Amino acid sequence: MTTESTAPSVPRSHELVLEGRRLVKRYGHVVALDETDFEIRQGEVLAVIGDNGAGKSSLIQCLSGAVQPDGGELLVGGEPTALKSPVEARRLGIETVFQSLAVSPALDVATNIFLGRELRRAGIAGSVFRMLDKKRMRQEALGAMAELGLQTLQNVGQSVETLSGGQRQGVAVARAAAFGSKVVILDEPTAALGVKESGRVVKLIKDINSRGIPVILISHNMPQIFEVADRVHIQRLGRRIALVETSQVDMADAVAMMVGATTPEKLGLERAS
Amino acid sequence: MLGLRAVNRSATDLPDGERTSLPAPKAPRGLVEIDGGARLSPLQWVERRMLSRPLIGPLAVLVIALIVFSIVSPNFGTLQNFSLILQQVQVIALLGIAQTLIILTAGIDLSVAAVMLLAQVVMGKLAVTLGLPVEFALLLGVLVGVICGAINGLIVTKLNIPPFIATLGTLSIFYALNIFISDGESVPYAEVPALLTWLGTGFQVFGTTFTYGQVLTILMFVLFAYILRSTAWGTHIYAVGDNLEAARLSGIRVNRVLMSVYIVAGLIIGVTAWLLIGRIGSISPTAGASYNLASITAVVIGGTSLFGGRGRIMGTLLGAVIVGVFSSGLSLAGFDNLWQEFTIGILIIGAVAVDQRLRKIGR
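Residues numbered from 1 in each chain as written. Chains lettered and ligands numbered in written order. Predicted model: local features only at pLDDT ≥ 70, side-chain atom pairs only at ≥ 80, totals over all residues. Heavy atoms only, no water.

## Description of a nonpolar patch on the surface
Residues and elements named next belong to chain B.
Okay, step 1: Together, Leu-59, Val-63, Ile-64, Ile-67, Val-68, Ile-71 and Val-72 give the surface a local cluster of nonpolar side chains, amounting to about 650 Å² of exposed area.
Okay, step 2: Considering the arrangement of structural elements, one finds Val-63 in helix H4 (residues 56–72).
Okay, step 3: For Val-63, a relative accessible area of 42% corresponds to the partly exposed category. (Patch = residues over 30% accessible without salt bridge, like charges linked within 9 Å, V, L, I, M, F, W, Y side chains within 5 Å. Areas by Shrake-Rupley, 256 points an atom, 1.4 Å probe, with all protein chains shown as cover. Salt bridge = Lys/Arg side-chain N within 4 Å of Asp/Glu carboxyl O. Helix = DSSP H or I, 4+ residues; strand = E, 2+ residues; numbered from the N terminus. Buried < 20%, exposed > 50% of the residue type's maximum accessible area, 1.4 Å probe, protein only.)

## Quick look at the environment of Lys84(A)
Okay, step 1: Looking at the element boundaries, Lys84(A) is found in the loop between strand E5 (79–80) and helix H2 (86–91).
Okay, step 2: Each C-alpha atom of the pair Lys84(A) and Glu44(A) lies 25 Å from the other, and the pair is 40 residues apart in sequence.

## Here's the deal with the pairing of strand E9 (residues 231–236) of chain A
Residue and element names in this part refer to chain A.
Okay, step 1: Within E9, five of the six residues are buried, leaving the element largely enclosed by the surrounding structure.
Okay, step 2: Here strand E3 (residues 45–50) pairs with E9 via five bridges, running parallel. Pairing of Ile-49 across the sheet is with Ile-234, part of E9.
Okay, step 3: Across six bridges, E9 lies against strand E10 (residues 239–245) in antiparallel orientation. (Pairing = 2+ DSSP bridges.)

## Some remarks on the confidence of the model for chain B
Okay, step 1: On average, residues of chain B score 86 in pLDDT, and 89% of them are at 70 or above.
Okay, step 2: For residues 1–37 of chain B, every residue scores under 50 in pLDDT, and the model assigns this stretch 47 contacts once sequence neighbours within four places are set aside. (pLDDT = per-residue confidence, 0-100. Contact = heavy atoms within 4.5 Å.)

## As for the packing of aromatic side chains
Okay, step 1: Under the criterion given, the structure shown has nine aromatic pairs over all chains.
Okay, step 2: On the numbers, 5.5 Å between centres and 50 degrees between planes, the contact of Phe69(B) with Phe76(B) is tilted. With respect to class, Phe69(B) is no different from Phe76(B); both count as buried.
Okay, step 3: Aromatic side chains Phe203(B) and Tyr212(B) sit 5.6 Å apart centroid to centroid with 45 degrees between the ring planes, which places their arrangement in the tilted category.
Okay, step 4: The ring of Tyr27(A) has Lys25(A) lying over it, and the distance from NZ or CZ to the ring centre is 5.3 Å.
Okay, step 5: Stacked on the ring of Phe179(A), the Lys or Arg Arg117(A) has its end atom at 3.7 Å from the ring centre. (Phe/Tyr/Trp six-rings, centres within 6.5 Å; stacked < 30°, edge-to-face > 60°. Lys NZ or Arg CZ within 6 Å of the ring centre and 35° of its normal.)

## A short note on the pattern of salt bridges
Residue and element names in this part refer to chain A.
Okay, step 1: By the definition in use, this model includes 14 salt bridges over all chains.
Okay, step 2: For Glu-35, the salt bridge is made with Arg-239, and the minimal N-O distance between the two is 4.0 Å. Here the residue Glu-35 occupies a position in strand E2 (residues 30–41), and Arg-239 occupies one in strand E10, the gap between them amounting to 204 residues.
Okay, step 3: The class for Glu-35 is partly exposed, based on a relative accessible area of 29%.
Okay, step 4: The exposure class assigned to Arg-239 is partly exposed, which follows from its relative accessible area of 32%.

## Section: the packing of helix H11 (residues 232–242) of chain B against helix H13 (residues 254–280) of chain B
When two helices pack together, their arrangement is given by the angle between the helix axes and the distance between those axes.
Residue and element names in this part refer to chain B.
Okay, step 1: One way to put it is that H11 packs onto H13 with a least axis distance of 10 Å and a crossing angle of 110 degrees. Taken together, the axes of H11 and H13 are roughly perpendicular relative to one another. Of the residues in H13, those touching H11 at Trp-233, His-236, Ile-237 and Val-240 are Val-254, Val-257, Leu-258, Ser-260, Val-261 and Val-264.
Okay, step 2: Its residues assigned to classes, the contact of H11 with H13 comprises eight nonpolar, two polar and no charged. (Axes fitted to C-alpha atoms, helices over the stretch in contact; angles between N-to-C directions. Parallel < 35°, antiparallel > 145°, perpendicular 65-115°, else oblique. Nonpolar A, V, L, I, M, F, W, Y, C, P; charged D, E, K, R; others polar.)

## A look at the sheet that holds E3(A)
Residues and elements named next belong to chain A.
Okay, step 1: An order of E6-E7-E8-E3-E9-E10 is seen for the six strands of this open sheet, with the pairing classed as mixed. Each having just a single partner strand, strand E6 (94–97) and E10 make up the two edges of the open sheet. Strand-to-strand, the axes of this sheet are offset by a mean angle of 20 degrees, without reference to chain direction.
Okay, step 2: In the packing of helix H7 (residues 195–210) onto the sheet, the strands contacted are E3, strand E7 (183–187) and strand E8 (215–218), and the crossing angle to E8 comes to about 160 degrees.

## Some details on the nonpolar core
Okay, step 1: One finds Met116(B), Leu196(B) and Tyr291(B) to be the most contacted residues of the largest nonpolar core, which totals 88 residues.
Okay, step 2: Tallying contributions element by element places H13(B) first for this core, with 14 residues.
Okay, step 3: Ignoring anything within four residues of it in the chain, the contact list for Tyr291(B) reads Val91(B), Ile92(B), Leu95(B), Val112(B), Ala113(B), Met116(B) and Leu276(B).
Okay, step 4: Counting residues in hydrophobic clusters, the runner-up holds 53 residues, among them Ala47(A), Val103(A), Leu163(A) and Ala177(A). (Core = buried A, V, L, I, M, F, W, Y, C linked by side-chain atoms within 4.5 Å.)

## A closer look at empty space enclosed by the protein
If a probe as big as a water molecule is rolled over the atoms, it shows which places are left empty.
Okay, step 1: A full pass over the atoms with the stated rule returns four cavities of 30 Å³ or more.
Okay, step 2: The computed volume of the largest cavity comes to approximately 100 Å³.
Okay, step 3: As for the largest cavity, its lining consists of 15 residues, and the residues nearest its centre are Arg90(A), Glu95(A), Thr96(A), Phe98(A) and Leu249(B).
Okay, step 4: Those elements that place two or more of their residues in the lining of the largest cavity are H2, E6 and helix H6 (165–179) of chain A.
Okay, step 5: Of the residues assigned to the lining of the largest cavity, the class counts are eight nonpolar, three polar and four charged.
Okay, step 6: Of all the secondary-structure elements, those providing two or more residues to the lining of the second largest cavity are helix H3 (109–113) and helix H5 (134–147) of chain A.
Okay, step 7: Top contributing element to the lining of the second largest cavity by residue count: H5(A), with three residues.
Okay, step 8: By residue class, the composition of the lining of the second largest cavity is two nonpolar, one polar and three charged. (1 Å grid on protein atoms, 1.4 Å probe; cavity = no way out; pocket = protein on both sides within 12 Å on 5 of 7 lines; lining within 4 Å. Points joined across faces, edges and corners; volume = space filled by probe spheres on them.)

As structure tokens, then:
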């Protein structure tokens, strides 16, 4: 499973859930991804950091099916796979919480969690009259929230617009966790949140991960990353310049590599790619 | 109030272990502070209610209007008068269903009346001038509505033209075709086949005449209220109008939803063409030309947001009936017709002002 292009330090026993090899993405003359590699192991929390323009967003969009890479290949569970759309990625168990959250404010919590994959009633009510099973969706939505310690949400029938920013984040994360059987991607989940609400999202990440689901976390919040992540993927100028365990480096070194003030070699780390 | 009741409910719903964490201030509160525990002012409370129950506003207006007009004019509050009001607004109401579906997707259709006129003129042309079987003429007329809807849908989804402009264009096109096909001439009542005017005929209940057209209108509202409330397609219509990008990322094929909405709207308008013939008895190429804007009026007064994603189909029925009640009530009270127009204008602006305010709360 492990290939030449990944870090030699990765033991072969680690199964890679999602892998990108030499991914290329161009926008006109701008090269957003310049043969970048990517990997996430079963059960880990992987943080992706990088300066503005390093290609984080393009990378995440490739992994979530939102855009298609111009070159390289994507492997899901070791199988080469082309993710043509977010729908296809979701069908394979890859759930993304986009920075924009992708929630519908006027719709209620349960409807948002099941948006695009509604459950229908059994029997004639469902097959002929296309009737939705709102009761079951509400129950399962409540279950999904409870599983993430959001059990105090009393009414999944209330509209998302009546919730605060952190609560909306909770809905988006619960949706991803409820359906993300293979991997959950969180794009800047705390960028718009206060300290207290950020702390809650960190807890959500730990909760999802404790269920054995690997999490990709894109963030600028270094303390948060070093609190939850097992490894850090450092993206710079369209490439992955390092893939290190959080125990191997400190925050200052990670930031220095991210902005190009130092290199993995100078720090005695193996180059990731 | 709202927050209190919700907490009570959760305390009974949740297992013991979780319930105990609720009162503790330091426990993870999750999504508990919906109302932040803060006291809501009476105005805020009403606004929250209106946000979750959008029919409250139009219903309140209707009830107050009914009470006031019943007191002012003794002839107003009769069953006969209600039947008359419903007959007067049924065409606008039915067009309003089509308009509501489109407005919920954050679109608008300026061509509904033009499509209706074209469809009824085709029915008349085929049945009367060409002498085709009347059932066949009726079906083809409805099909014209479907085709016109599909054309609007294609212009919106394929050419990426905003619905306002797309339907402003097709308004002219369909209206011109309507005049072309009819030669600008009406088919008089005596020549219109009975099936085409059937919806204008009726039955007696308690000495009051009700028409089949009224029954059809009510049934269509019930049907589409069910579809919007209880099917995935209905949910997707709201989602597309509320946040297009979120709908797309959620895996909803937004262009397919939009296309289907315009086609179904065309179908409803085709049926409304039949209703129009029944209502006025003859087939006139200029009969309901003002209904384009009237249908939008009914939708807006019914509390549906012009910005999409928010509203109820039954609101449109209320909106249409409100317009009818004000027209009837004001004229029975001896006001000149111009004051009906005047009042409708105030209602429109009031309804949109309320919507703006509610949307701000929802942010």
